[in-house]
Amino acid sequence: MSGTEDEKNLGRRNFLKCMAWVGTGAVWTMSSGILKGSPLGPSAGAEMMSHNDGALRFVQISDSHIGFDKPANTDVTGTLRAAVAKIKATPEPPAFILHTGDLTHLSKPAEFDTLQQVLSELSLPVFYVPGEHDVLEDDGKSYLARFGKGTQGAGWYSFDQGDAHFIGLVNVVNLKAGGLGALGTEQLEWLEKDVKRLKSSTPIVVFAHIPLWSVYPEWGWGTDDSARALSYLRRFGSVSVLNGHIHQVMQKVEGHVTFHTAMSTAFPQPAPGTAPSPGPMKVADDRLRKLLGLSRVSFHGLNHPIAITDVPLDAEMQTAVAHQVVMDNFSFIPAAASVPVGTTVVWTNRDDVPHNAVSTDQTFKSPVLDTDEQFSHRFDAPGTYKYFCSMHPKMTGRIVVG
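Residues numbered from 1 in each chain as written. Predicted model: local features only at pLDDT ≥ 70, side-chain atom pairs only at ≥ 80, totals over all residues. Heavy atoms only, no water.

S.K.: For this particular structure, what's the right way to read the pairing of strand β16 (residues 336-339)?
M.R.: Residues in a regular strand point their side chains to alternate faces of the sheet. Side chains A337 and V339 of β16 all project onto a buried face; the interleaved residues A336 and S338 project onto a face where none is buried. Sheet topology places β16 next to strand β21 (residues 396-401); four bridges connect them, and they run parallel. In the strand pairing of β21, A337 is matched with I399. (Buried < 20%, exposed > 50% of the residue type's maximum accessible area, 1.4 Å probe, protein only. Helix = DSSP H or I, 4+ residues; strand = E, 2+ residues; numbered from the N terminus. Pairing = 2+ DSSP bridges.)

S.K.: When you look at the sheet that holds β21 in this model, what are you seeing that I'm missing?
M.R.: Whenever strands of a sheet pair, they do so through backbone hydrogen bonds, lying parallel or antiparallel. As summarised here, the arrangement of the four strands in space is β16-β21-β20-β18, forming an open sheet in which the pairing is mixed. Looking at strand neighbours, the two that pair on one side only are β16 and β18 (358-359), the edges of this open sheet.

S.K.: Please clarify how the packing of helix α2 (residues 76-89) against helix α3 (residues 109-120) should be interpreted in this entry.
M.R.: In a packed pair of helices, the relevant descriptors are the angle between the two axes and the axis-to-axis distance. Where α2 meets α3, the closest approach of the two axes is 10 Å, and the angle between their N-to-C directions is 25°. As far as their axial angle goes, α3 and α2 are roughly parallel. In the crossing of α2 with α3, the sense of the turn from one axis to the other is right-handed. In contact with T77, L80, R81 and V84 of α2, α3 contributes T114, L115, V118 and L119. Tallied by class, the residues present in the contact of α2 with α3 amount to five nonpolar, two polar and one charged. (Axes fitted to C-alpha atoms, helices over the stretch in contact; angles between N-to-C directions. Parallel < 35°, antiparallel > 145°, perpendicular 65-115°, else oblique. Left-handed = near helix turned anticlockwise from the far one by under 90°. Contact = heavy atoms within 4.5 Å. Nonpolar A, V, L, I, M, F, W, Y, C, P; charged D, E, K, R; others polar.)

S.K.: Just to check I follow, could you spell out the sheet that holds strand β8 (residues 204-207) for this structure?
M.R.: The strand order across the open sheet built from six strands is β6-β7-β8-β9-β11-β10, with neighbouring strands paired in mixed fashion. At either end of the open sheet lies a strand with only one pairing partner, and these are β6 (157-161) and β10 (250-254). The average undirected angle you get between the axes of adjacent strands in this sheet is 15°. Relative to strand β11 (residues 257-261), strand β9 (residues 239-243) runs parallel, the two sharing five bridges. Paired with V239 across the bridge in β11 is V257. The sheet strands contacting helix α5 (residues 185-196) are β6 and β7 (164-168), and the helix crosses β7 at an angle near 170°.

S.K.: Just to check I follow, could you spell out the packing of aromatic side chains for this structure?
M.R.: Aromatic rings in a pair are described by how distant their centres are and how their planes are angled relative to each other. Within the structure shown, the criterion is met by 24 aromatic pairs. Pairing F96 with F127 gives two aromatic rings, centres 5.4 Å apart and planes at 90°, and the pair type is edge-to-face. One end of the pair, F96, is in strand β4 (residues 96-99); the other, F127, is in strand β5 (residues 126-128), with 31 residues separating them in the sequence. On the basis of relative accessibility, which here comes to 1%, the residue F96 falls in the buried class. Summarising the aromatic geometry, the rings of F364 and F379 are spaced 5.6 Å apart at their centres and angled 85° between planes, so their arrangement reads as edge-to-face. Placement of F364 in the loop between β18 and β19 (374-379) and of F379 in strand β19 is noted, with a sequence separation of 15 residues between them. Here F364 and F379 have matching classes, each one buried. Three or more aromatic residues link up through ring pairs in this structure, and these residues are F58, F96, F127, Y157, F159, F166 and F207. Here the basic side chain of K252 rests over the ring of F259, its NZ or CZ set 5.8 Å away from the ring centre. (Phe/Tyr/Trp six-rings, centres within 6.5 Å; stacked < 30°, edge-to-face > 60°. Lys NZ or Arg CZ within 6 Å of the ring centre and 35° of its normal.)

S.K.: What exactly am I supposed to notice about unusual backbone geometry here?
M.R.: Excluding glycine, residues mostly have negative phi values, and the peptide bonds linking residues are mostly trans. A cis amide bond links I333 to the next residue, P334, at an omega of 0°. Inspection of the secondary structure puts P334 in the loop between β15 (331-333) and β16. A positive phi angle, close to 60°, is found at H247, a residue other than glycine. Among the secondary structure elements, H247 is positioned in the loop between β9 and β10. Judged by its relative accessible area of 2%, H247 is buried.

Next up, the structure:
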């Protein structure tokens, strides 16, 4: 690494400003093309009348390293089960799971067996890409036999879910000296063809093991030919890139592209440049589950960004207090309210005539509510949300989410 020691330290400090150490992971929801996250587990609005807001929700887990038994974590199967328990506890189950690699530690059949057994408890589809620890034996043939059905090459593939197009890439095969990930010409040509047919308004979610941006090349934390891959995605208005490998949460935004790396469910690794090398980091037992976790992701449609929330394994489920709005005497009471991100707002009709609550930008729309009926909506993104009753347009309200 070139430069004086002061320059190196300054670079590291600036780099670490974009890193957030948080717990276990995040659940993602995609709505209107925006990926957005919220905590796993019970929420204040869970017992109220639920309403399908049209969002696509899924969970990212990464770096399970089943088979690892060193001091950094002697029970990686137990911490993976803890992540599964968090997913089960959410009142809004995800549509599927993305696992971004290093399912196992040594690519052994028994390790793959355990991984599959634990994740089968979710009864949800799971989409995989391999990490370098999953292709240690037989050139990855064991991985492909279990998880690669219907994929191409070393295991890359794509699928559509809701309005979004998902692309699983493999950048852990044929690694060169220096350790950077590589996609290779064959996969890049496939990617170019795969997205050519899509409209530019299609939300894109890319998931791969090694980050597709240069997190810290000195430790191999980047992909050598990622620039070419991203060039094929430049025309799309919403691109989200989900990775693992570095066992900690880091985020970066470049134009329409959002990069996010997830926590491991097995063990933490040091922040870039803060140790002689990467690798399992031993922490105090009472801190371990604060540094392990998963990511919750959500999309709410084409005109909203992806939302990602990272949830530590030991985190108490964040239960945002519900905010109450009453429809009475042809008015919303209160007509204006300020609430924190993650708050569930509940509208209750106390009038003798039906009303509804419709946001002017179509973020939410309640059904027609008769007397004493309720509608709830969780606000996971900051902004000002104006709404009205479409049957009685003089009824207006505003929710400011900060």
